[in-house]
Structure formats: C-alpha cells, structure tokens
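So you can see what is in the structure, the chains are spelled out below.
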Amino acid sequence: MTVVLLKKQRMADLTENKEIPRTPLRSPRRKSAAPRRLGRSEFSMDDDEYSPSNSVTSVNSLASLLREKLQSIPQKIRKKPTDYKLRAFVALMFLAVVFFVSFAYVLYHQQALTKAYFNNVQFNEPKRLIRIFNKDDVEILRASLAVNLRGKVKAYPCLPEHRRNDGSECLEWLHTLRFYLKSLAHDPGADNTTCYSVHWKALREDVYPNDCFDWTNTKVNWYGGGQSLNVSWPINGGYMDYTPFITGDVQKGQWSNALTRYFINSKGAAIIIDDDTPLHVSVNKGAKEICIKAMYHEFAYPNKLTEFPEMKYNICTSEDMTSLHSSIHNHKTAPLWDGLKPTDMSTLEFLISEPVWEIAPRFKQELHRDMITKFGDDILRLGFLKQGHVVINEHWQNEIGDLSLDKTRFPKLNVTVDKLRRRGFSIAFTVQPFISTESKNFAECVQKRLLISERNSDRRIPALTRFKSLASAGILDVTNSNAVPWLLEKLKVVMKETLINSFFLDLGTAHDMPHYYRCEKLLRNPDQYINIFTKTFDSSLSIIGVSSAISLPRPPIFVTMPPLDSNWEALRSVIPTILTYGVNGFPFIMPGAIGGDIYWPGSEQNLPSSKNLESTNKTEENGIELPEIELYMRWFQMATFLPVMKFTHLPTKYNDERVLEMAKNLTTIRRNLVTPFLLKYKREALEEGLPLIRPLWLISGNDAAPIPVQDEFAIGSEIVVAPILNKGQTSRDVYLPTGVWKDGIDNSLRKGNRWMHEYKVPIDKVAYFVRQPDNMRF
C-alpha cells in the first residue's frame, strides 16, 4: 500500500513540474526507410543535433549542407597544404643531418687512421689501399696491396709475439698474410726525403704477396727497372705479364742486360725492392699499373730463403723527382772514387775521351794477326779519330774456355800488340765464364769440380748450357774457392804473354745459366752470379766493361748496352735504354757500335756457317753488309754526345765524302765541346751517382713538358741533344728546358721552357743546344 502511494505521489510531481523525457525524435520520413544500421551515421540526427537547417527539406542549399558536414570532419584528417610542405622540409633536413653526421664520422675515422700510420700516409685497411701525399697534400703514390686477396677480408692486429719493437704497425689476415709498415728514420737537415718500409710475409704456401701501383688516378709516369721489347721509356707505355725480374735478351721480350730494383715516378715517389725478394713484375696487366709479386720460381728463384715467400720494399718520397733521385743515388758517404788508383782514373778518362774500336768477327777463322794489324792501320789513316781501346772478341782463343792464345792464327800476337800500344792503342780481350765442351780445359774443370752442377744430380756432373755460337758449354762456379785462383792464374798468363792492357767481361745474362743450376754457394737468383763474378775480379784485373749488371760495378768499369741490330728501330731504342740505365744508377754506360752491332745474342743461328762463307754476298766487311748510309750518319751524330763512341764499321768503308766530312766535323765537336763536359760531370757521377747522360726532367725542375720526352737527352745540365731518329726525316719538334740556349747549328740564342716545332735538321747536322748563363745580357 505504501509503495503504491509513493508511486502515485511521484507521478503527480512529474506532472506538476511538466518534465519532458529526453528520448530521440525521428523524422516521420525515416520511419518508412530501411532498417537503421548499427552505429551512428555522420548524417544521423539525434535530438541534441536536430534543427530545421539539418533537415533535407530545409531551405538551405545542398552546398551549404556539404560545407557544414565537411567542417565536422576530425582535424587530424583535414590538413592544410602548407602542413605537407613543412613536414617534407623537416624530413629532408633530418636526412641531411644524418648524411653529414655519417660523412663526418667517415672522415674522422679516416683521419684517425692516417694519424695511426704516420704523417702523409693513408691506409684503408678493408680495401687494402695505401695513399701517400707530399707536403702540399698532393697524392703522389697510390697502391692496392695484397691484390690476390678477393673482397674485403678483415685484418686483425698482430699477436704480441709477432709484433716488432721498432715502431712498425702490424696487421694480419688470418692464416694468409702478415703486414708490417714502418716509417724509416731520416735526417731532415740532409734532404727532404722520407721513406717507409713495407714487409709482407706469406703464412702459407699458396699465398703470394702482390702489390700494384696505379698511375691513372695519380696521373704519373714511371721510370727505372729495366728495358724490354715491350717496356720502354716511360714504363707505363708498355705491357708485360708477370715475369721474373732477372736479366735476359731484350730482343725476346725478357728484361734487359742491366737491371735494378728501383722505380721512380714523376711526382717524387720511388719504390726500392729488397734483393732477397723473389721478385716478379708486370706492367699494364688488366689495369694501368705496375705490379710486384713475391713468388718462388723453378729457374729464377729456386732456393727458398724463407719457408713462404716474403716481399720487402721501401717507398721513398721527396718534394720532386729530381731531388728524390739525387738523394737515393747519392754516394757522399761512400763515394765511387774511394779506393781508385791513378791508373783506374786514367782508364776512366781515356774511355770517355777516346773511341772504342771493336773487332768482332762472326767466326774465329776471320780473326787473325793480319786482320788486327790492318784494322789499326785503317784507324790511323783516318787522321781525325784518335787511337783509343781496341776490344777483340772471344775468338782470340781456339775454343771458348781455352783461356790461352790460339798460336795457329796468332803466332806472334805479342809483337802486333806491342806495335799497336806504341802507336797509342790500348788492347782488351773479351773473356767469358763459359767453358766449351770442346775446350782443352773442360776435362780439367770437371775433374776439379770447378763448374756449376745440376741441382738434382751428382755434384760431379756439370750442368751444360748454350751461349752465342757455343752449342754446349759449362760455366765456372766462381762461388767455389778453387775456381777463382784457377781462372785468375790463366788470365794473368794471357796478359803477360800477349801484352794486352785489360779485359772485357762478357758474362751473358741470367737466362744463359743452366736451368737447374747449383753453385757451391746458395744464390738468391742467377743474376747474383754476375754480381759475384764482377766483384771477385774487379780489383785484381784491369776491366773496362761488363756485358750485364744488377748493381753498380766499381769504376772504371762501364756497363754496356745490349747488342742492337742495324736498323732504324734499333736506333730509336738507344736513347730510352741509356736513359733507363742512367736512372737505374749506372752513370758510366758504353753504347753499342755506331750503325748497329754485327749480331745480337740469338741471331747467330740465322747467320751462314763458316764453311759457306765464300758463297755469301761479300762486302768490304768480310761478308757483312754495311749499315745504310743515312742510318750510319744519324747514328754517328747521336753517338757523338754519348759517354763512349764505339766503332765496328769505320767511316772510310763507305767511300762517300759526305760521311767523311760529317765524321770530321762531329769529331771536332766531340773533342772541343762534348768531352770537356763529360769529364766535368764524371766528377759529379763519382760523388753523387748522377748519370752523365740525363733525362730532361732531371735538369728541368718543375717543368711538366719534358717528362714524356724519349728522343732527347742532356749531358749533365748544360747540353741538350735532339737527334734525328727516323729515315728520311729532316725536321723535328724540340723541347728546351728553362733557360737561355745557344743553337749548335746556327749559333743563335733560343729561349727555353718551350717547344720548337718543325725545327730543321739537315742530313749532315745534329740538333744540340748549349746552356748560356742566366744573367746573360744581350
């Protein structure tokens, strides 16, 4: 009852207060529509949103309705166009900041690495790329190291037991290679040269240290090393696959007869490879670069000095290539004149100032006493050429290796020699270490075990080889203590009996050694034999020249150029070859004969035999055709300015007045101008190791133009020579270094540091220019 009363009272209160319940009102039209979907539509009209304007039947237009509905879209969906631009700008700024931070990190990392590897050296360890800069931050050398490792192989710091206490940095590619890099101490007060030592150790048998030096990115030219059929001046103009760096026949694509492990580039960086490295060199194989590799070789490097190959070399830098070259070849601490006797100095000057007359018949039957006497008479009849040295080839013996005079062909040679000496000549015999199997000394040498033997054979069995006209010969083992006195005694007897003055050592090349050679003393390579032979006898015998070398022989010994054929191509090869030998550190060089040599090694197989000599087309030179006149004249002109003038063919053989007149004029130039300058720079060569014949970059300072020039040369820094080297040519382009120069043809004055195009050079003239004082007044 009470509950009913309370309900009635509440209803009365609601009625009295006229309270309206809040229930949604729906349009009558919506009642006939389809059933309402769950959830609220953006166009649904609840009671709290309803107004006449919200109705479709309102007087407002449809456009007003759409505008109002669009305004109801959430703000995060509806954006202004300027918001997108702002957000894009912020994103770009963020990416830029990330990029610059990353770039700065990389630069910082590289800079930190550079500091860790000494000043001016950058080494990128993942790429194994080393870069060296000069004091002006110009990149002067770039090398890819360990190029045979594929990809970015990670390197680790060496274990403590493998590190060195000499300041070296040490890295190791696990179980593959170990690398040491060290800055070598130097005296800044002495010169501006800085050197770095690189040492690679292979850690297993199938790995070979292999570094390549690029010249495309650094834009340099490379010089030095040696000459080859495919590698000339500068080196980067040629091509060669990996080849053992040992002497050979330049005509067969191997390296030439005079080598040094030294390369220098035009921006002032040099590579000097250690003698113990089993060195192979390639040029432009796959890329424009010089590559060096350490690898043992059955013939060139058969004796393993270490368990696995090692490669050691120094990289030296200076402010320019002139000062760098002078620093490396400087002999001030041990000058070449130290220990020279007055007779040695006299011989050196005699070779420079007087001609060398080579008597080199192809067959021993052609060489006899009357021929030598006639040759001397022909020289004296010239009248304008001095006597000089007469060098007689190996056919003074009956068989090569007899080491005694052939009394059949030379019954009284001592009388002939004495006559020539009284006329002013000096006589030299050519001697070789080869003992022919037909020689009377061969059996004795075998019995006394004086010959080089085979590696994998009985030591009593000599190893045989071929040499020039010899089909079979053994080689004296000068590392054997018994062989040296035996040979020395033989040669002293020859000097006493024949009254000759000196010897010329024809040692062949490394490729003339037996393939499986074995000496008493372990050799690094076959070229070491050449070195030992020369040094063994240079103080006990008078020696004027050697046919091959890998280090500077003691003066007055001259290093000879390889024999050249008689053609224009051979003439063009003379200047690049003599410049390369000079850069290699050989200041005293003896060129081949004017007009070309009678034969070069290997060509004797194509010559007629001595039995058929009568059937050949004879000329005035015992069946040998003379060089063509124009070639002889141009060769004579060039040779006038070289350290030694060497003749096989006398100018009188042509019976041509032009040849004789030209020879007289050039002889006068040689005597009055060239010889004094050569003798002047001889002192500089003995003191500083600089060559007598120099490339133009060695006298041009910072001139860029002369770097590629390969058909000009200079005597010291005072004469520039630009000979004609092509058939039928009577003009050429000439480069003159900085300075004032006097023209040798018309005596006019010429401004330097420029090219002279189409410079006229008549057939009987040679282009040469003499430096004048810088303060010369006109």
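Residues numbered from 1 in each chain as written. Predicted model: local features only at pLDDT ≥ 70, side-chain atom pairs only at ≥ 80, totals over all residues. Heavy atoms only, no water.

**Q** Break down the overall build of the protein chain for me, citing the residues and quoting the values.
**A** Tallying secondary structure elements over the protein chain gives 14 helices and 36 strands in all. Taking all 778 residues of the protein chain together, 51% fall into the buried category. For the protein chain, contacts bridging at least 24 residues in sequence account for 69% of all contacts bridging at least 6. Accessible area of the protein chain: about 38400 Å², with a carbon and sulfur share of 53%. (Helix = DSSP H or I, 4+ residues; strand = E, 2+ residues; numbered from the N terminus. Buried < 20%, exposed > 50% of the residue type's maximum accessible area, 1.4 Å probe, protein only. Contact = heavy atoms within 4.5 Å. Areas by Shrake-Rupley, 256 points an atom, 1.4 Å probe, with all protein chains shown as cover.)

**Q** Tell me about a nonpolar patch on the surface, and please be specific about residues and values.
**A** A contiguous nonpolar surface patch, about 410 Å² in accessible area, is contributed by Leu86, Phe89, Val90 and Met93. Summarising the element assignment, Phe89 is placed in helix H4 (residues 81-116). (Patch = residues over 30% accessible without salt bridge, like charges linked within 9 Å, V, L, I, M, F, W, Y side chains within 5 Å. Salt bridge = Lys/Arg side-chain N within 4 Å of Asp/Glu carboxyl O.)

**Q** Account for the nonpolar core, with residues named and values stated.
**A** In terms of nonpolar packing, the biggest core is built from 188 residues, with Trp222, Tyr313 and Trp357 touching the most fellow members. With 11 residues, helix H14 (residues 657-688) is the largest single contributor of residues to this core. In this structure, Tyr313 is in contact with Leu145, Tyr196, Ser197, Val198, Asp211, Phe213, Ile271, Ile272, Ile273, Asp274 and Ile292, ignoring residues within four places of it in sequence. Formed by 16 residues, the second largest nonpolar core is a distinct cluster that contains Ile699, Val709, Ala722 and Tyr759. (Core = buried A, V, L, I, M, F, W, Y, C linked by side-chain atoms within 4.5 Å.)

**Q** Tell me about the state of the cysteines, and please be specific about residues and values.
**A** With the rule as written, the count across this model stands at three disulfides. At a sulfur-sulfur separation of 2.0 Å, the disulfide partner of Cys212 is Cys291. Taking the torsion about the S-S bond as the criterion, the Cys212 to Cys291 disulfide, at about 110°, is right-handed. Here Cys212, found in strand E8 (residues 210-214), pairs with Cys291, found in strand E14 (residues 289-294); they are 79 residues apart in sequence, far enough to count as distant. Of the two residues, Cys212 and Cys291, neither departs from the other in class, the shared state being buried. (Disulfide = S-S within 2.5 Å.)

**Q** Tell me about the packing of helix H12 (residues 568-583) against helix H13 (residues 629-639), residues and numbers included.
**A** The contact between H12 and H13 brings their axes to 11 Å, and the two run at 5°. When the axes of H12 and H13 are compared, the pair comes out roughly parallel. Between H12 and H13, the residues in contact are Trp568, Ala570, Leu571, Val574 and Ile575 and Glu630, Leu631, Arg634, Trp635 and Met638, respectively. (Axes fitted to C-alpha atoms, helices over the stretch in contact; angles between N-to-C directions. Parallel < 35°, antiparallel > 145°, perpendicular 65-115°, else oblique.)

**Q** Any details on the sheet that holds strand E34 (residues 749-751)? Residues and values, ideally.
**A** Pairing is antiparallel across the open sheet formed by six strands, whose spatial order is E29-E30-E31-E36-E33-E34. Two strands close off the open sheet at either side, each with one partner strand: strand E29 (693-694) and E34. Sheet topology note: the strand E31 (residues 719-722)/strand E36 (residues 767-772) ladder contains four bridges and is antiparallel. Residue pairing in the sheet places Ile719 in a bridge with Val770 of E36. Each of E29, strand E30 (713-715), E31 and E36 is contacted by H14, which is oriented at about 80° to E30, the strand it contacts most. (Pairing = 2+ DSSP bridges.)

**Q** Explain the packing of aromatic side chains to me, and be specific about the residues and the numbers.
**A** Per the counting criterion, the structure on display carries 24 aromatic pairs. Each ring, one from Tyr735 and one from Trp755, has its centre 5.3 Å from the other, and the planes form 65°; the classification is edge-to-face. Taken together, the residues Tyr735 in strand E32 (residues 731-736) and Trp755 in strand E35 (residues 754-760) connect sequence positions 20 residues apart. Trp755 gets classed as partly exposed once you look at its relative accessible area, which sits at 35%. (Phe/Tyr/Trp six-rings, centres within 6.5 Å; stacked < 30°, edge-to-face > 60°.)

**Q** Can you explain the pairing of E36? Please cite residues and give values.
**A** Where burial is concerned, most of E36 is hidden: five out of the six residues are buried. In this structure, strand E33 (residues 740-743) lies alongside E36, joined through four bridges in antiparallel fashion. In the sheet register, Trp741 faces E36, and the bridge partner there is Arg771.

**Q** An account of unusual backbone geometry is requested, with residue identities and associated values reported.
**A** Note that the residue after Pro555, namely Pro556, is joined by a cis bond; omega there is 15°. Mapped onto the elements of the fold, Pro556 is located in the loop between strand E25 (543-546) and strand E26 (558-560). Within the chain, Lys468 stands out as a residue other than glycine whose phi angle is a positive 50°. Even without being glycine, Leu499 reaches a positive phi, approximately 65°. Along the chain, the position of Leu499 falls in the loop between helix H10 (483-498) and strand E23 (502-505).

**Q** Describe in detail the side chain of Asn531, supporting the description with residues and values.
**A** Looking at the element boundaries, Asn531 is found in helix H11 (residues 527-537). Separated by 2.6 Å, the side chains of Asn531 and Ser551 make a polar contact. (Polar contact = N/O pair within 3.5 Å; in protein donor to acceptor, adjacent residues only side chain to side chain.)

**Q** Talk me through the pairing of strand E2 (residues 129-133); I want residue IDs and the actual numbers.
**A** In the sheet, strand E1 (residues 121-124) pairs with E2 via four bridges, with the strands oriented antiparallel. Within the sheet, the bridge partner assigned to Phe123 lies in E2 and is Ile130. Where E1 folds back onto E2 in an antiparallel hairpin, the turn is made up of four residues, including Arg128, whose phi is positive at roughly 55°. Two successive antiparallel strands, E2 and strand E3 (residues 139-144), enclose a turn made up of five residues, where Asp137 displays a positive phi of approximately 60°.

**Q** So, empty space enclosed by the protein: which residues are in play, and what are the values?
**A** Tallying each qualifying case throughout the model produces three cavities of 30 Å³ or more. Quantified by volume, the largest cavity comes out at close to 60 Å³. Residue composition of the lining of the largest cavity, grouped by class: four nonpolar, three polar and four charged. (1 Å grid on protein atoms, 1.4 Å probe; cavity = no way out; pocket = protein on both sides within 12 Å on 5 of 7 lines; lining within 4 Å. Points joined across faces, edges and corners; volume = space filled by probe spheres on them. Nonpolar A, V, L, I, M, F, W, Y, C, P; charged D, E, K, R; others polar.)

**Q** Go over helix H7 (residues 369-382) with me, naming the residues and quoting the values.
**A** Relative to the 20 Å expected for 14 residues at 1.5 Å per residue, H7 spans 21 Å between its end C-alpha atoms, a close match to the ideal helical length. Listed as buried for H7 are Met371, Ile372, Phe375, Gly376, Asp378, Ile379 and Leu382. Buried residues along H7 cover an arc of 160° about the axis, so they all sit on one side. Seen from the open side of H7, the exposed residues pointing more than 90 degrees away from its buried face are Asp370 and Arg381. (Expected span 1.5 Å × (residues − 1). Arc of directions from axis to C-beta.)

**Q** I'd like a description of the sheet that holds strand E4 (residues 156-157), backed by residues and values.
**A** Spatial ordering of the open sheet is given by E4-E5-E6-E7-E15-E12-E11-E9, a layout of eight strands whose pairing is antiparallel. Strands with a single pairing partner mark the edges of an open sheet, and in this sheet they are E4 and strand E9 (222-224). Relative to strand E12 (residues 269-273), strand E11 (residues 262-265) runs antiparallel, the two being bridged by three bridges. Note on E12: the bridge partner recorded for Tyr262 is Ile272.

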